[in-house]
Amino acid sequence: AQSVTQLDSQVPVFEEAPVELRCNYSSSVSVYLFWYVQYPNQGLQLLLKYLSGSTLVKGINGFEAEFNKSQTSFHLRKPSVHISDTAEYFCAVTTFGNEKLTFGTGTRLTIIP
Amino acid sequence: SQTIHQWPATLVQPVGSPLSLECTVEGTSNPNLYWYRQAAGRGLQLLFYSVGIGQISSEVPQNLSASRPQDRQFILSSKKLLLSDSGFYLCAWTKTGLITDTQYFGPGTRLTVL
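What you are looking at is a predicted structure, and each value in this text was computed from that prediction instead of being measured.

Caption draft 1: Representation of the overall build of chain A within the structure. In terms of helices and strands, chain A carries 0 helices and 12 strands. Listing each helix as α and each strand as β along chain A from the N terminus yields β-β-β-β-β-β-β-β-β-β-β-β. Overall, the C-alpha framework of chain A stretches about 45 × 30 × 20 Å when taken along its three principal axes. In chain A, which comprises 113 residues, the proportion classed as buried is 47%. Within chain A, counting contacts between residues at least 6 apart in sequence, those at least 24 apart form 56% of the total. Summing over all exposed atoms, chain A offers an accessible surface of approximately 5500 Å²; the carbon and sulfur share of this is 51%.

Laid out in structure tokens, this is it:
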């Protein structure tokens, strides 16, 4: 079975500063990794995903993530955040043949003006 | 284009009352369907998923149940609500057999059990 850990439940960042949201996974087989974002009182939407190939994945809204197999990590980064990035971010993992995603507990990103 | 609907948007129910939340998907056929719950500070928990009509997989033991009476309809039910059932309920869909495809989430139902 796979699992995913988001160690930071809350991350405050000043506007225009860079941010990194951490995600670590555990699995005995190859994984597919996702980052979803949830704005207040809304459903989740996909930011980016890693399936195979290049370990650096670019997503929407200027976010990117890097798959690191040796560190079993898939950290999300943005070089300069905006107020509109205030949201909760979820990392998720699945494996080939699986019918479901396993989500982390989420990281709440708060942008300080 | 595909759309996903959930209703009601907000619900306040007394303990012990029944529950029925509905989710429908438009613009696709034979989707995989999912029910998640977000409780305060506890992340996103998968409750049920379905790969076809009448096929329901339960992820956690609880007093909730799910049904899929039609291809694009997914219902979450309870006969008697508990206080611990309060939370934000999200329905999602993805293409059958393509878990690597995007999961599309509905707008959610906020349930408060008093």
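Caption draft 2: The sheet that holds strand S8 (residues 73–78) of chain B, seen in detail. All names here are of chain B. Within the open sheet, the 4 strands sit side by side as S1-S3-S8-S7. Their pairing is antiparallel. The open sheet has two edge strands, strand S1 (3–7) and strand S7 (64–70), and neither has a second partner. On average, each strand axis in the sheet is tilted by 15° relative to the strand beside it, whichever way the strands run.

Caption draft 3: Region of interest: the state of the cysteines. All names here are of chain A. Applying the stated criterion across every chain yields a total of 2 disulfides over all chains. A sulfur-sulfur separation of 1.9 Å characterises the disulfide bridge that pairs Cys-23 with Cys-91. Measuring handedness by torsion sign, the sulfur bridge of Cys-23 and Cys-91 sits at about -65° and is left-handed. Here Cys-91 lies in strand S10 (residues 87–95) and Cys-23 lies in the loop between strand S3 (19–21) and strand S4 (24–26), a separation of 68 residues in the sequence.

Caption draft 4: Fine view of the interface of chain A and chain B. On the chain B side, the residues contacting the 22 residues of chain A number 22 residues. Summed over both sides, the interface between chain A and chain B buries roughly 1600 Å², with carbon and sulfur atoms accounting for 57% of that surface. A salt bridge links Lys-100 of chain A to Glu-59 of chain B, with the shortest nitrogen-to-oxygen separation between them at 2.6 Å. Those elements that provide at least two residues to the side of chain A that touches chain B are strand S5 (31–38), strand S6 (44–50) and S10 of chain A. Within the side of chain A that touches chain B, the residues separate by chemical class into 9 nonpolar, 9 polar and 4 charged.

Caption draft 5: Structural context of the pairing of strand S2 (residues 10–13) of chain B. Residues and elements named next belong to chain B. Across the two faces of S2 the burial differs, with Leu-11 and Gln-13 buried and Thr-10 and Val-12 not buried at all. Bridge count for S2 against strand S11 (residues 109–113) is 4 bridges, and the pairing is parallel. Considered in S11, the bridge of Gln-13 is made with Val-113.

Caption draft 6: Representation of the packing of aromatic side chains in the model. Under the counting rule described, the total for this entry stands at 14 aromatic pairs over all chains. Ring centres of Tyr-36 of chain A and Phe-105 of chain B lie 5.7 Å apart, and the angle between their planes is 75°; this geometry places the pair in the edge-to-face category. Of this pair, Tyr-36 of chain A sits in strand S5 while Phe-105 of chain B sits in strand S10 (residues 104–105), which puts the two residues in different chains. An identical accessibility class is assigned to Tyr-36 of chain A and Phe-105 of chain B; each is buried. Measuring from centroid to centroid gives 5.4 Å for Phe-103 of chain A and Tyr-36 of chain B, while their planes differ by 90°, and the two rings are edge-to-face. In this pair, Phe-103 of chain A is assigned in strand S11 (residues 102–103) and Tyr-36 of chain B in strand S4 (residues 32–38), connecting two distinct chains. Neither residue differs from the other here; Phe-103 of chain A and Tyr-36 of chain B are each classed as buried. Aromatic rings pair up to connect Phe-34, Tyr-36, Phe-90 and Phe-103 of chain A together with Tyr-34, Tyr-36, Tyr-49 and Phe-105 of chain B into one cluster. Taking NZ or CZ as reference, Arg-110 of chain B lies 4.5 Å from the ring centre of Phe-88 of chain B, over its face.

Definitions and limits used
Starting afresh in each chain, residues are numbered from 1 along the sequence in its written order. Here the convention is simple: chains get letters from A, ligands get numbers from 1, in the order in which they are written. Whole-chain, interface and lining totals are the exception, using all residues; otherwise, since this is a predicted model, local features are given only for residues with pLDDT of at least 70 and side-chain atom pairs are given and counted only at 80 or more. The side-chain values count all of the structure's non-hydrogen atoms but skip hydrogen atoms and water molecules. The helix and strand labels rest on DSSP assignments: H or I over at least four residues marks a helix, E over at least two residues marks a strand, and numbering proceeds from the N terminus. When a residue's accessible area, from a 1.4 Å probe over protein chains only, is under 20% of the maximum for its type it is buried; when over 50% it is exposed; and in between it is partly exposed. Note on contacts: a residue pair qualifies if any of its non-hydrogen atoms lie within 4.5 Å across the two residues. Using the Shrake-Rupley algorithm and a 1.4 Å probe, accessible areas are obtained, with residue cover drawn only from the displayed protein chains. Between any two strands, at least two bridges found by DSSP are needed for them to pair. What counts as an axis is a line fitted to C-alpha atoms, over the stretch in contact for a helix, and the angles between N-to-C directions run from 0 to 180 degrees. The disulfide criterion is simple: two cysteine sulfur atoms within 2.5 Å. Here the buried area means the combined drop in accessible surface, using a 1.4 Å probe, for two parts upon being joined, counting both sides. Here a salt bridge means any side-chain nitrogen of Lys or Arg lying within 4 Å of a carboxyl oxygen belonging to Asp or Glu. Only Asp, Glu, Lys and Arg are considered charged in this grouping, and only Ala, Val, Leu, Ile, Met, Phe, Trp, Tyr, Cys and Pro are considered nonpolar; every other residue, Gly among them, is considered polar. Think of it this way: a Phe, Tyr or Trp ring, Trp meaning its six-membered ring, pairs with another when their centres are within 6.5 Å, and the plane angle makes it stacked under 30 degrees, edge-to-face over 60, tilted otherwise. Here, over-ring charges are defined by two tests on the NZ atom of lysine or the CZ atom of arginine: distance to the ring centre within 6 Å, and angle to the ring normal within 35 degrees.

Geometric values such as these leave the question of function open.
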